[in-house]
Amino acid sequence: MTHTPLPFQKITNDREFLIGCYTDMLTRIHETDLIPLVTRANQSVNADPSMLPGEKVIQALSIYFQLMTMVEENAATQFRRKMEDPGSQTPVRGSWSEAFRIWKEAGVPEEDMLRALSETTVIPVLTAHPTEAKRVTVIEIHRELYLLLVQRENTSLSPMEQNGIRESIINLLERWWRTGEIYLEKPDIRDERANVMHYLSRVFPTVLAQSDEHLKRSWAESGLTREKIHNPDVFPSIRFGSWVGGDRDGHPFVTPAVTQETLLIHRNTALNLIRDEIQTLVRKLSISGLSNPVPLLLTKAIEKKAAAFGEAGIRAIQRNPYEPWRQYLNLVLLQIEHTINGQVADANRCYRSSQALEADLKFLREMLVENGFQTLAGSLLFPVERMVSCFGFHLAKLDIRQNSAFHDKAMIQILKASGENADDFDRWEESRRVALLNRLLDQQTLLTDVTVSYGPEADNVLDCYRVIRQHINQYGAEGIGSFIISMTRHLSDLLVVYFLMRETHLLNTGIRVVPLFETISDLNHAPGILDSFLQHPITRQRSGKMENRQEVMLGYSDSNKDGGTIASKWNLYKAEKALAETGRLHQTSVYFFHGTGGTISRGGGKYHRFLESMPEGTVNGTIKITVQGESVAQLFGNPLTARYNLNALTSGVARHLIKNKSGSSASDYPLGTMEFLAEKSFRHYRNLIETPGFIHFYSKATCIDVLEQSKIGSRPARRTGTRTLQDLRAIPWVFSWNLSRMTLTGWYGLGAALHALKKERPADFEQLKRTRNQWSFLRFLLIQTETNLILSDLDMMKAYAALYADEGGEPVFLDHILHDHQTCMNMLEELFEEPAVTRRKGQFDNLIWRNDKLTILHRLHISYLKKWRQLPDENTTEKDKALTRLLSLINALSSGLKNTG
């Protein structure tokens, strides 16, 4: 299928308009020396940054890059709007219109389409990670500016009105200029939670409503039966999750008290949102009982609810005499107020769960439809029902994540206190660990006592689980997500969690115990671990509470750090297929939680392409996916982009459901060739990172030492503080390589692997050429790899590598990187039979407007890195000043490069 390219002339005009606004603002505030830095991108920069204050150069270019990104985003949004026109011959990729057209052409009955919609569940999970440096205030300015850009698209505006928008943009740019870009103090967990709460409470409710309306319109405009799409019960289930306040893996500041506080904030925010929505509905649902027949069931329901509240119930009815639908909602509102005030003992006067409220709203819908008010039910009640269904009384499910090594320390402390000789429990043979845990799980009495302190790790995890138990006792389990175990290596890592849940009375709940498989070795062992886990008696006992569904989390970052991008993606692909099949053998539906990041190296990319690349039979109606750091603002920062991304997720899952039923085969895919490429790429990558001295090269040629001390996230860059590659978190690993323009985490190894394939198995190389467009996984992998190659910069690679050479380092590492870069570019050009510069015009056009300015920042970055590293540690004042300057540079570079972390 071919697609019309983005309108580059429009993008160029919009870029020039915003640059004009920007330069006008700089003129007005007497910063004219900076104007040459931000003028036309394809002309040489006349300003010498050495003659200007570095801080102003950084700020000027940081804002410039963010403006360019807004132009590109707005152009993509406006392009999609035009393609959504009913007369358009080509639907938007990843849209519902595309899905409906494909299904209609394939002869899929409408009932099967509706079934696929209703069986679809998507769960975006917001996380905070050290790649988002912008302050919330700046993100708010972004949103204001984007709204002004959207207003400017209105062709009916008069010249005076257009000038007014331009003036508003200039004023907003001045406010932005005078607002600091990054955190001067390291943000704590509450700062990160406030940012996430903004999206959950203010952005996603609006996006949900817009997404649902767009689905309705797409259905109708596709020529499908309009009446069938008005029932909220047939719409996809959209749930939200969060890790902020629950993710404790290497994060010492997420205490049990923080988790308890977060759960309550989630609940109170959700209840207040629902109350506000129902108050709005009360104002709008002004149906007279005098001129319209009133169903007897509605009258009885009002009487029953009013009786439960006594005088308060009578007052609620009297507020709207002869308007029974409003009277009913007044009583619902009263019940919600009691719920908010914590009066949860009496189920007649409060809602014990959001399901009870859903039932009341569904009853109201039935009463409206029975009277022929389908339009009112669809336009007024529908969005309220969807909000309650999607956000419940919990807003977002809070996942609890911890590392298996932390759990082992907790077990050692508990076992020691109980008299067990288990100081080396973490080093026991797996069979011995399993035998002990099974014995403990079979005991009738608890091993731990709430009054006893066992040690820091044990107390932390037990207190966390007790907080969860207490919350469930009071409010139910709606707000609790999964217990996720990072670095799951064995069955015993999961049984330890069962033991801890047993000690805190959580085994009888529906909380899922979820393995997180991260390294390539772990991915290879994952099916065997899952097989043992699903066979375990406790798992089988709990399967009913789990609806015979098992969540499995896959880590994209660590597998990339472990084996490079090709081996990572291929081993993820194989693991998904094997894990899904393992679930089927146990009559259990496995669904995946994809731990992706914003950058390509960590699984990022367009949602529709990501879902299309999934192996057949592995997307079983549900997808859970992390939205990390900077990706939250990029994917969901403005409503239209957010709507598009949410629709791409839901429609992509629904398309898999239809495809699963058709039983399509992947037998023609060159699986053996991919295995060859992954193995060759893995070996090539490992040879590089295992070469003696590589870590020293990495520590000098990138800014990893700055990221380790950064103020752009509350989590430490290393899990334990040990200065080893193994201990380094994968996120700053990727971030640091991208900031140095080497981007090797996104491509290194593929060139050597393709070269070996062509030389050793030429027939397979030719088959790969023929398959590149038919196999979505392969095309996605190749395009993503090429994108990283395009984003790299040979001159800057050499400039950063010189930081290592200045200390007497040999050029061997840079030579390897440059050689593989050229080999990869050559092999991809041969594979696609066309150079990237002619196929990826949009990508190169974006870089034309960025590269010369990025070069200025890179030169400053290198200069400041040298000065910062030369300062003695005891000179803390100067060292801190230099660090803040470096962080400003990193923020600016991140804006220019876009997905860096």
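Worth saying up front: this structure is predicted, and the values here are computed from it rather than measured.

1. Description of the overall build of the protein
Now for step 1: When you go through the protein residue by residue, the secondary structure sums to 37 helices and 9 strands.
Now for step 2: Radius of gyration (C-alpha) of the protein: 29 Å, near the 29 Å computed for a compact globule of 901 residues.
Now for step 3: Dimensions of the protein along its principal axes, counting C-alpha atoms only, are 85 × 80 × 65 Å.
Now for step 4: Out of the 901 residues belonging to the protein, those deemed buried represent 60%.
Now for step 5: For the protein, restricting intrachain contacts to residue pairs at least 6 apart in sequence, the fraction spanning at least 24 positions comes to 82%.
Now for step 6: As displayed, the protein has an accessible area near 35,200 Å², and 51% of this comes from carbon and sulfur atoms.
Now for step 7: Side chains of the protein give 106 positive and 105 negative charges; the mean places of these two sets differ by 2 Å.

2. Thoughts on the packing of helix 3 (residues 96-105) against helix 4 (residues 110-118)
Now for step 1: Close contact between helix 3 and helix 4 brings their axes to 11 Å; oriented N to C, the two are set at 140°. Judged on the interaxial angle alone, helix 4 and helix 3 are oblique. Viewed along their axes, helix 3 and helix 4 form a crossing whose handedness is right-handed. Facing helix 3, whose interface residues are Trp96, Phe100, Trp103 and Lys104, helix 4 presents Met113, Ala116 and Leu117.

3. Regarding helix 15 (residues 430-442)
Now for step 1: End to end, helix 15 covers 18 Å across 13 residues, agreeing with the expected 18 Å (1.5 Å per residue, within 8%).
Now for step 2: Listing the buried residues of helix 15 in full gives Arg433, Val434, Leu436, Leu437, Leu440 and Leu441. Projection of helix 15 onto a plane perpendicular to its axis shows the buried side chains occupying an angular sector of 165°, all on one side. Of the exposed residues in helix 15, the ones pointing more than 90 degrees away from its buried face are Ser431 and Asp442.

4. Examining the confidence of the model for the protein
Now for step 1: Averaged over all residues, the pLDDT of the protein equals 90, while 91% of them reach at least 70.
Now for step 2: When the criterion is pLDDT under 50, residues 1-5 qualifies, and its contacts beyond four places in sequence or with other chains add up to 6 contacts.

5. Section: the environment of Gln470
Now for step 1: Here Gln470 is to be found in helix 16 (residues 456-475).
Now for step 2: With 409 residues separating them along the chain, Gln470 and Leu61 place their C-alpha atoms 50 Å apart.

6. A few points about the packing of aromatic side chains
Now for step 1: Scanning the entire structure with this criterion turns up 33 aromatic pairs.
Now for step 2: Ring centres 5.7 Å apart and planes at 85° place the aromatic pair Trp733 and Trp737 in the edge-to-face group. Residue Trp733 and its partner Trp737 are both found in helix 28 (residues 730-739); the two are separated by 4 residues, about one turn of the helix.
Now for step 3: Each member of the aromatic cluster is reached from another via a ring pair, and the members are Phe694, Phe697, Tyr698, Trp733, Trp737, Tyr804 and Phe813.
Now for step 4: Against the face of Phe382 rests Lys216, its NZ or CZ located 3.7 Å from the ring centre.
Now for step 5: In this structure, Arg885 packs its charged tip against the face of Tyr864, placed 5.1 Å from the ring centre.

7. Observations concerning the nonpolar core
Now for step 1: Formed by 113 residues in total, the largest nonpolar core has its most connected members in Tyr22, Ile169, Leu173 and Phe697.
Now for step 2: The biggest single contributor to this core is helix 2 (residues 54-83), with 12 residues.
Now for step 3: In contact with Phe697, other than residues within four places in its own chain, are Trp737, Met742, Ala801, Tyr804, Phe813, Leu814 and Ile817.
Now for step 4: Listed in part, the 97 residues of the second largest apolar core include Tyr199, Cys390, Leu398 and Val496.

8. Digging into the packing of helix 31 (residues 776-791) against helix 33 (residues 812-832)
Now for step 1: Between helix 31 and helix 33, whose axes approach to 11 Å, the crossing angle comes to 135°. By the angle between their axes, helix 31 is oblique relative to helix 33. Seen along the crossing, helix 31 lies across helix 33 with a hand that is left-handed. Residues Arg779, Leu782, Ile783, Thr785, Glu786 and Leu789 of helix 31 form the contact with helix 33, whose participating residues are His821, Cys824, Met825, Leu828, Leu831 and Phe832.

9. Details of the pairing of strand 6 (residues 513-517)
Now for step 1: The buried count for strand 6 comes to 5 of 5 residues, which makes it a mostly enclosed element.
Now for step 2: Note that strand 5 (residues 480-486) and strand 6 share 3 bridges and pair parallel. The residue bridging Ile484 from the neighbouring strand is Val514, located in strand 6.
Now for step 3: Taking the sense of rotation as the criterion, the β-α-β connection linking strand 5, helix 17 (residues 491-503) and strand 6 turns out right-handed.
Now for step 4: Sheet topology places strand 6 next to strand 7 (residues 549-555); 2 bridges connect them, and they run parallel. Bridge assignment links Leu516 to a residue of strand 7, and that residue is Met553.

10. A closer look at unusual backbone geometry
Now for step 1: Here the phi dihedral of Asn548 falls at roughly 55°; this positive angle occurs in a residue that is not glycine.
Now for step 2: Of note, Asn548 is situated in the loop between helix 19 (537-542) and strand 7.
Now for step 3: Assessed through its relative accessible area of 39%, Asn548 is described here as partly exposed.
Now for step 4: In the Ramachandran plot, Gln587 falls in the positive-phi region, its phi being about 50° despite a non-glycine side chain.
Now for step 5: Note on placement: Gln587 falls in the loop between helix 21 (565-585) and strand 8 (589-595).

11. Examining the environment of Trp243
Now for step 1: Its place among the elements puts Trp243 in the loop between strand 3 (241-242) and helix 8 (256-284).
Now for step 2: Sequence separation between Trp243 and Asn647 is 404 residues, and the spatial gap between their C-alpha atoms is 23 Å.
Now for step 3: Leave out the neighbours within four places in its chain, and Trp243 touches Val125, Leu126, Thr127, Leu398, Asp399, Arg401, Ile484, Met553, Phe593 and Thr626.

12. Quick look at the environment of Val203
Now for step 1: As for its placement among the helices and strands, Val203 is situated in helix 7 (residues 189-221).
Now for step 2: Separated by 435 residues in sequence, Val203 and Asn638 have C-alpha atoms that sit 8.0 Å apart.
Now for step 3: Setting aside chain neighbours within four positions, we find Val203 in contact with His198 and Phe636.

13. Section: the pairing of strand 4 (residues 397-403)
Now for step 1: In terms of residue burial, strand 4 counts as a mostly covered element, since 6 of its 7 residues are buried.
Now for step 2: Bridge count between strand 3 and strand 4: 2 bridges; the pairing is parallel. Bridging from a neighbouring strand, Gly241 pairs with Lys397 of strand 4.
Now for step 3: Note: strand 4 against strand 5, 5 bridges, orientation parallel. Each bridged residue has a counterpart across the sheet, and for Ile400 the counterpart in strand 5 is Phe483.

14. Topic: the pattern of salt bridges
Two side chains that carry opposite charge are able to pair once their charged atoms sit near each other.
Now for step 1: Tallied over the entire structure, the rule returns 62 salt bridges.
Now for step 2: For Glu72, the salt bridge is made with Arg15, and the minimal N-O distance between the two is 3.3 Å. Note that Glu72 is positioned in helix 2 and Arg15 in helix 1 (residues 8-28), a separation of 57 residues in sequence.
Now for step 3: For Glu72, a relative accessible area of 8% translates into the label buried.
Now for step 4: Classification of Arg15 as buried rests on a relative accessible area of 0%.
Now for step 5: Residue Lys305 pairs with Asp360 through a salt bridge whose shortest N-O separation is 2.7 Å. Pair noted here: Lys305 is in helix 9 (residues 296-309) and Asp360 is in helix 12 (residues 354-370), with a separation of 55 residues, a long-range link. Accessibility classification places Lys305 together with Asp360 in one group, the buried group.

What counts as what
Residues numbered from 1 in each chain as written. Predicted model: local features only at pLDDT ≥ 70, side-chain atom pairs only at ≥ 80, totals over all residues. Heavy atoms only, no water. Helix = DSSP H or I, 4+ residues; strand = E, 2+ residues; numbered from the N terminus. Rg over C-alpha atoms; globule rule 2.2 N^0.38 Å. Buried < 20%, exposed > 50% of the residue type's maximum accessible area, 1.4 Å probe, protein only. Contact = heavy atoms within 4.5 Å. Areas by Shrake-Rupley, 256 points an atom, 1.4 Å probe, with all protein chains shown as cover. Lys, Arg positive; Asp, Glu negative; His and termini not counted. Charge placed at Lys NZ, Arg CZ, Asp CG, Glu CD. Axes fitted to C-alpha atoms, helices over the stretch in contact; angles between N-to-C directions. Parallel < 35°, antiparallel > 145°, perpendicular 65-115°, else oblique. Left-handed = near helix turned anticlockwise from the far one by under 90°. Expected span 1.5 Å × (residues − 1). Arc of directions from axis to C-beta. pLDDT = per-residue confidence, 0-100. Phe/Tyr/Trp six-rings, centres within 6.5 Å; stacked < 30°, edge-to-face > 60°. Lys NZ or Arg CZ within 6 Å of the ring centre and 35° of its normal. Core = buried A, V, L, I, M, F, W, Y, C linked by side-chain atoms within 4.5 Å. Pairing = 2+ DSSP bridges. Right-handed = clockwise from strand over helix to strand, strands pointing away. Salt bridge = Lys/Arg side-chain N within 4 Å of Asp/Glu carboxyl O.

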